[in-house]
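Take a look at the letters that make up each chain.
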Amino acid sequence: MEKYKIIDADSHIEEVTEIWDHLEPAYQSRRPFPVTVEKNIGHTNLNAFWYIDGAAVPKLEGAGTILIATPLTSTYAQAKPFSVGSQGLTDVKARLKDLDDFGLDVQVIYPTLFLATLTDDLVFEAALMRAYNSYLARACAQAPGRLKWAGVVPLRSPAEAAKEVRRCKELGASAITTMGTAGEKLLHDKSLFPVYAEMEHQNLPFCVHVGWSHPGLNQSCENIYMSRISFTLPVLAAFWSILGGGVLDEFPRLRVAFLEAGSEWLPYWIGRMDHYYHADTGNARGGYMPKKRPPEYLKEGRVFFTCEAEEASLPQVLEMLGEDQMMASADIPHGEARERSMDVVRARSDLSERAKKKILGENAARFYDL
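What this report covers is the structure whose coordinates are included nearby. Quick caveat: nothing in here was measured; it's all calculated off a predicted structure.

## Comments concerning helix H8 (residues 224-244)
Taking 1.5 Å as the rise per residue, H8 with 21 residues should run 30 Å; its terminal C-alpha atoms sit 31 Å apart, in good agreement. Between the side-chain oxygen at the start of H8 and the backbone nitrogen of Tyr-225 there is a gap of 3.1 Å, and the oxygen is on Asn-223. Positioned one or two residues after H8, Gly-246 has a phi angle of 100°, which is positive.

## Points about the layout of surface pockets
Within this model, the largest pocket holds a volume of roughly 520 Å³. Along the wall of the largest pocket there are 22 residues; nearest its centre are Gly-64, Thr-117, Leu-118, Asn-218 and Gln-219. Going through the elements one at a time, strand S4 (55-57) and helix H7 (215-219) are the ones with two or more residues in the lining of the largest pocket. Here the residues of the lining of the largest pocket sort into ten nonpolar, seven polar and five charged. There is about 340 Å³ of room inside the second largest pocket. Surrounding the second largest pocket, 17 residues form its lining, Trp-240, Gly-244, Gly-245, Tyr-288 and Pro-290 being those nearest its centre.

## Let's talk about the packing of aromatic side chains
Per the stated rule, a full pass over the model turns up 20 aromatic pairs. Look at Phe-239 and Phe-258: their rings are 5.2 Å apart centre to centre, the planes differ by 70°, and that puts the pair in the edge-to-face class. Here Phe-239 is found in helix H8, whereas its partner Phe-258 is found in strand S9 (residues 256-259), with 19 residues between them in sequence. Look at Phe-258 and you get buried, because its relative accessible area is 0%. Aromatic side chains Trp-240 and Trp-269 sit 5.1 Å apart centroid to centroid with 75° between the ring planes, which places their arrangement in the edge-to-face category. Residue Trp-240 is located in helix H8, and its partner Trp-269 is located in helix H10 (residues 266-280); the two are separated by 29 residues in the primary sequence. In textbook terms, an aromatic cluster arises when at least three aromatic residues are bridged by ring pairs, as seen for Phe-193, Tyr-196, Phe-206 and Phe-251. The side chain of Arg-228 reaches across the aromatic face of Phe-231, ending 5.6 Å from its centre.

Cut-offs applied
- Residues numbered from 1 in each chain as written.
- Predicted model: local features only at pLDDT ≥ 70, side-chain atom pairs only at ≥ 80, totals over all residues.
- Heavy atoms only, no water.
- Helix = DSSP H or I, 4+ residues; strand = E, 2+ residues; numbered from the N terminus.
- Expected span 1.5 Å × (residues − 1).
- Polar contact = N/O pair within 3.5 Å; in protein donor to acceptor, adjacent residues only side chain to side chain.
- 1 Å grid on protein atoms, 1.4 Å probe; cavity = no way out; pocket = protein on both sides within 12 Å on 5 of 7 lines; lining within 4 Å.
- Points joined across faces, edges and corners; volume = space filled by probe spheres on them.
- Nonpolar A, V, L, I, M, F, W, Y, C, P; charged D, E, K, R; others polar.
- Phe/Tyr/Trp six-rings, centres within 6.5 Å; stacked < 30°, edge-to-face > 60°.
- Buried < 20%, exposed > 50% of the residue type's maximum accessible area, 1.4 Å probe, protein only.
- Lys NZ or Arg CZ within 6 Å of the ring centre and 35° of its normal.

Geometry only, nothing functional implied.
Structure follows, in structure tokens:
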């Protein structure tokens, strides 16, 4: 088989205490710290959480459940097939060895802790994100050809978010990432347009990642399995919001990706959007309508996705989307066992070699402007 560069479009760090060394002095008295207990929490194999602004993160049972595997003091994290140094990027050589073991040439790193809302103090939230970005910049700078990173920005504070987009560019970020809503706001809210304008100006793509962003959805889910609803649905809401709410009309050079939600939902969701586009066009009381039908935005080539390697309907998705906007993710070091996904894609007999080459590297290189 032809040898070509493999780019992991979405993997992660499990956050470590060293991140908070980058908190400004005014916030050091509030720096998060890990708490480890003797027994597992709830019905999980986790026994550690972060103490952040008076609350425990993750919340492993009851309304508002979320599941993440940081801090690394938990027995679950320490039992993973990845070293603690690799998971937290405190040992970059160990992370590079993991890349080698899984046949990855380049990896783009996303947060874990920031897949949840950590505080309702918006000023403190912005400070936590700045500390995270500073740490990622320093860690990935040790291997800049192989380790790339996406900066997090406080969308609930749009002016601060736009400033942090600029700083992330200066620090060397390859993308900006958020969850699928800004709290209860959908992503086409006009207050967010200055943030998108800055992303477009800085040529930083906008990556919408799964996460527990919407407080109402979160409170509707009372256990870990149900929390996958509140984890995933914000991405679908963001897709409808961005394509249907004027974001792509207003920012014609902005590239957008939807990460870790798979891709098999796309034909259904586009079908629903198109159905209502025809139903709602011309409705004098319908408010804003996008300038184009939803499928037309996909043809512009600036809306990207990551797929699950084993998706049975992937050929049909590619038939609708084309081969140039799908990427692959190893999701290292998370617990869903996706790290061999590149091998699964390579082994598929229902994809052409040309499609595999694009999914495994070429598309991500173009999206991230690597």
